[in-house]
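An overview of the molecular structure
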Amino acid sequence: MSVLASLVFQGTRRVPALDAGERGLAYGDGLFETALVHDGLVVWWPAHLARLSEGAARLRIPMPDVAWLASQVATFVARAPARAVLKLVLTRGAGGRGYAPPEMVEPTLLLSLYAAPMPLPESLALRWCDTRLAIQPALAGLKHLNRLEQVLARSEWRDPAIHEGLMLDTDGQLGCATAANVFALRDGRWLTPPVQQRGVAGVARAWVLANEPSAAVAELSPADVVSADALFLCNAVRGILPVGRLGDRSWAPHPALASLQRRLGRSEPAFDPGS
C-alpha cells in the first residue's frame, strides 16, 4: 500500500529524510502506532498516545511533548481522505553503528498516511501459523518495531481466501493473530490472552476489556480456541472482526458478537457499518 503523505522530524525539527544512522532502521529501536483516521480525526487518539508514552518510558526513549505531538498529528491528518490510516513511528534517533544507545538522544518521529484498507468479509477465514511468538517479558505488550515474527508468519500463505493467521507462543499457548488480538467466547465469557509475556496490548483489545463486562484475560490453548462458542479478532484500524472458520472448525454468527459490534459502533462512529 503506497504512502499518501509523510513527515519526518528529528526532535522537533522537520527534516527531509531519515538519517543513515537511524536506529529504528538498523535495530528496530523504536515504537509505532497504527490508527484509523475518520473525518479528519484519529480514532482512539488518547489510547494510542497513552500506549506510545508507556512504550517510550519502558524503552527509555524520550517522549515528544504531548501538546506538540498532538498538534503535528492533527495538522497532518486534517487533509486526509474521509477514511485513512495514520502510522506514527517513534525511534531513538540516529546513533551510528553498534547496539549501545547514544548518551545524547534526539528521537526521530515519522508520520505516514495511507489509504484505508479494503473491507473484509463479514466473517473471516483463519489458519494456524507455524511461526511461534517468543516469550520476552521485557518487550511484551509493546508495539515495538521488531515484527519479524509477524512477517514470517504472514509469509506462510498467499491464498486470498485466508484472511488472517493465529500465532502460538513457544509454550504452545495462543498469542495473537499476525495483526490483531483474539477473543474467544467460552462459558459465556470473552477471553483474550495476557500480554505480560508476549504479544501486543492492542487499543481495540483494551476497549473490549473496558466495555464488555464478560471480557477477561486468560491463557488459551489451541483446544480452547477451536472449542469456543465464537471467535473474533480486533485491531484499531478494523475494529471487531467475527471469525467464521479456523481450519476445519466453523462458527455461525453469534448474537453476543453482533451485540458487541453494535456497541462499538455507538461508542466509535468510525466502526459503525453505516459510516
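Quick note: structure is the one above.
So, here's what we can say about the structure. Every chain's residues receive numbers from 1 upward, in the order its sequence appears when written. Per-residue local features are limited, in this predicted model, to residues with pLDDT of at least 70; the limit for side-chain atom pairs, both in listing and counting, is 80 or more; totals at the level of whole chains, interfaces and linings are taken over all residues. The side-chain figures draw on all heavy atoms in the structure; neither hydrogens nor water molecules are used.

A tally of regular secondary structure across the chain gives seven helices and 15 strands. The C-alpha radius of gyration of the chain comes to 19 Å, within 12% of the 19 Å expected for a compact globule of 275 residues. By principal-axis analysis of the C-alpha atoms, the chain measures approximately 55 × 40 × 35 Å. For each residue, the accessible area found with a 1.4 Å probe, counting protein chains only, is set against the maximum for its type, and the residue is called buried under 20%, exposed over 50%, and partly exposed in between. In the chain, buried positions account for 48% of the 275 residues. Within the chain, contacts between residues at least 6 apart in sequence are counted, and of these 73% link residues at least 24 apart. To be clear on the numbers: accessible area is Shrake-Rupley with a 1.4 Å probe, and residue cover counts the displayed protein chains and nothing else. Put simply, the chain shows about 13,300 Å² of open surface, and 56% of that area lies on carbon and sulfur atoms. A run of H or I in DSSP counts as a helix once it spans at least four residues, and a run of E counts as a strand once it spans at least two, with each numbered from the N terminus. The atom set for the radius of gyration is the C-alpha atoms, and the globule formula is 2.2 Å times the number of residues raised to the power 0.38. A contact between two residues is defined here by any heavy atoms of the two lying within 4.5 Å.

For Ser259, the position within the fold is in helix 7 (residues 255-267). When the C-alpha atoms of Ser259 and Lys87 are compared, they prove to be 30 Å apart, with 172 residues separating the residues in sequence.

This brings us to helix 2 (residues 45-59). Here a helix's expected span is defined as the number of its residues, less one, multiplied by 1.5 Å. For helix 2, spanning 15 residues, the distance from its first C-alpha to its last is 21 Å, which sits close to the expected 21 Å at 1.5 Å a residue. Listed in full, the buried residues belonging to helix 2 are Trp45, His48, Leu49, Arg51, Leu52, Gly55, Ala56 and Leu59. Taken down its axis, helix 2 places every buried residue within 165° of arc, on the same side. Away from its buried face, by an angle of more than 90 degrees, helix 2 presents the exposed residues Pro46 and Ala57. Taken from the helix axis, the directions to the C-beta atoms give the arc we talk about.

Turning to the sheet that holds strand 6 (residues 108-115), a few remarks are in order. Strands in a sheet are paired, the pairing made by backbone hydrogen bonds, and the direction either parallel or antiparallel. Only strands joined by at least two bridges in the DSSP assignment are considered to pair. Judged by pairing direction, the sheet is antiparallel, and its six strands sit side by side in the order 2-1-6-5-3-4 without closing on themselves. Each having just a single partner strand, strand 2 (13-15) and strand 4 (41-42) make up the two edges of the open sheet. One ladder, built from seven bridges, connects strand 1 (residues 3-10) with strand 6; its direction is antiparallel. Looking across to strand 6, one finds that Leu7 is bridged to Leu111.

Time to look at unusual backbone geometry. Located in the positive-phi region is Trp44, a residue other than glycine, with phi close to 60°. Within the element layout of this structure, Trp44 appears in the loop between strand 4 and helix 2. Trp44 gets classed as buried once you look at its relative accessible area, which sits at 10%. One non-glycine residue with positive phi stands out, namely Asp187, at about 55°.

In this section: the pairing of strand 3 (residues 30-38). The buried fraction of strand 3 is high, at eight of nine residues. Across nine bridges, the pairing between strand 3 and strand 5 (residues 83-91) is antiparallel. Each bridged residue has a counterpart across the sheet, and for Thr34 the counterpart in strand 5 is Lys87. Relative to strand 4, strand 3 is paired through two bridges, and the arrangement is antiparallel. Within the sheet, the bridge partner assigned to Val37 lies in strand 4 and is Val42.

Our next topic: helix 7. For helix 7, built from 13 residues, the straight-helix expectation of 18 Å at 1.5 Å per residue is met to within 8% by its first-to-last C-alpha distance of 18 Å. For helix 7, the complete set of buried residues consists of Leu257, Leu260, Leu264 and Gly265. Projected onto a plane normal to the axis of helix 7, the buried residues spread over an arc of 140° and lie on a single side. Those residues of helix 7 that are exposed and angled more than 90 degrees off the buried face are Pro255 and Arg266. Along its buried surface, helix 7 packs onto strand 11 (189-192), helix 5 (203-211), strand 13 (230-235) and strand 14 (239-246).

Pairing of strand 10 (residues 181-186) with strand 11 involves three bridges; the strand directions are antiparallel. Paired with Arg186 across the two strands is Arg189, which belongs to strand 11. Between strand 10 and strand 11, which pair antiparallel one after the other, the connecting turn spans two residues, and Asp187 there sits at a positive phi close to 55°. Place the viewer so that the strands point away; then a crossover is right-handed whenever the path from the first strand over the helix to the second strand goes clockwise. For the crossover from strand 11 across helix 5 to strand 12 (residues 215-217), the handedness is right-handed.

Attention now goes to the nonpolar core. Remark: nonpolar core denotes a set of buried residues (Ala, Val, Leu, Ile, Met, Phe, Trp, Tyr, Cys) joined through side-chain atoms within 4.5 Å. Judged by nonpolar contacts, the single largest core of 26 residues is most densely connected at Val37, Val42, Leu69, Val73, Leu88 and Leu111. Contributing elements (two or more residues each) for this core: strand 1, strand 3, helix 2, helix 3 (66-77), strand 5 and strand 6. Discounting residues that sit within four places of it in the chain, Leu69 has contacts with Trp45, Leu49, Leu52, Met63, Pro64, Leu88 and Leu109. One finds Trp44, Val203, Ala215 and Cys234 within the second-largest nonpolar core, a separate group that totals 21 residues.

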